[in-house]
Amino acid sequence: YGYNNPDSGHNRNYDPRNYRSEKKLAAGLLGLLLSLFAANKFYLGYMKEGLIQIVLNIVTCGVASIIPLIEGIIYLTMSDEQFDQTYIQNKKGWF
């Protein structure tokens, strides 16, 4: 599901330097560029959190769009393996 699972046993020569997340870059850029629409939440499959973010953006006249912006920065600065562990496997919805 959208990531390279090192524990799957399919890749016995696993090297963490070669690990690449399939969703990290896109989610990070969506958070930075389309934070007003919570696009990063929808891309990662967090529908409830995405709708909450859109409502917050409407109620606060866009001020709450800082949240996906910060999340985009967090996504891009963490390692690919850590991103997949946190947001793909464990489904952490916020920050």
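These lines cover the structure that appears in this document, whether it is placed above or below. Remember, predicted model here, so these are calculated numbers, not experimental data.

Considering unusual backbone geometry
Thought 1: In the Ramachandran plot, cysteine 61 falls in the positive-phi region, its phi being about 55 degrees despite a non-glycine side chain.
Thought 2: Here cysteine 61 shows up in the loop between α3 (47-59) and α4 (66-77).
Thought 3: Judged by relative accessible area, cysteine 61 falls into the exposed class, the value being 74%.

Thoughts on the side chain of serine 65
Thought 1: Inspection of the secondary structure assignment puts serine 65 in the loop between α3 and α4.
Thought 2: Residue serine 65 is classed as buried on the basis of its relative accessible area, which comes to 14%.
Thought 3: Apart from the residues lying within four places of it in its own chain, the contact partners of serine 65 are Ser35, Leu36, Gln53 and Asn57.

Structural notes on α3
Thought 1: Taking 1.5 Å of rise per residue, the 13 residues of α3 would be expected to cover 18 Å, and the 18 Å separating its terminal C-alpha atoms lies within 8% of that figure.
Thought 2: For α3, the set of buried residues is Glu49, Gly50, Gln53 and Asn57. All buried residues of α3 fall inside an arc of 100 degrees around its axis, so they share one side. Opposite the buried face of α3, by more than 90 degrees, sit the exposed residues Lys48, Leu51, Ile58 and Val59.
Thought 3: In this fold, the buried residues of α3 make contact with α2 (39-43) and α4.

Parameters and conventions
- Residues numbered from 1 in each chain as written.
- Predicted model: local features only at pLDDT ≥ 70, side-chain atom pairs only at ≥ 80, totals over all residues.
- Heavy atoms only, no water.
- Helix = DSSP H or I, 4+ residues; strand = E, 2+ residues; numbered from the N terminus.
- Buried < 20%, exposed > 50% of the residue type's maximum accessible area, 1.4 Å probe, protein only.
- Contact = heavy atoms within 4.5 Å.
- Expected span 1.5 Å × (residues − 1).
- Arc of directions from axis to C-beta.

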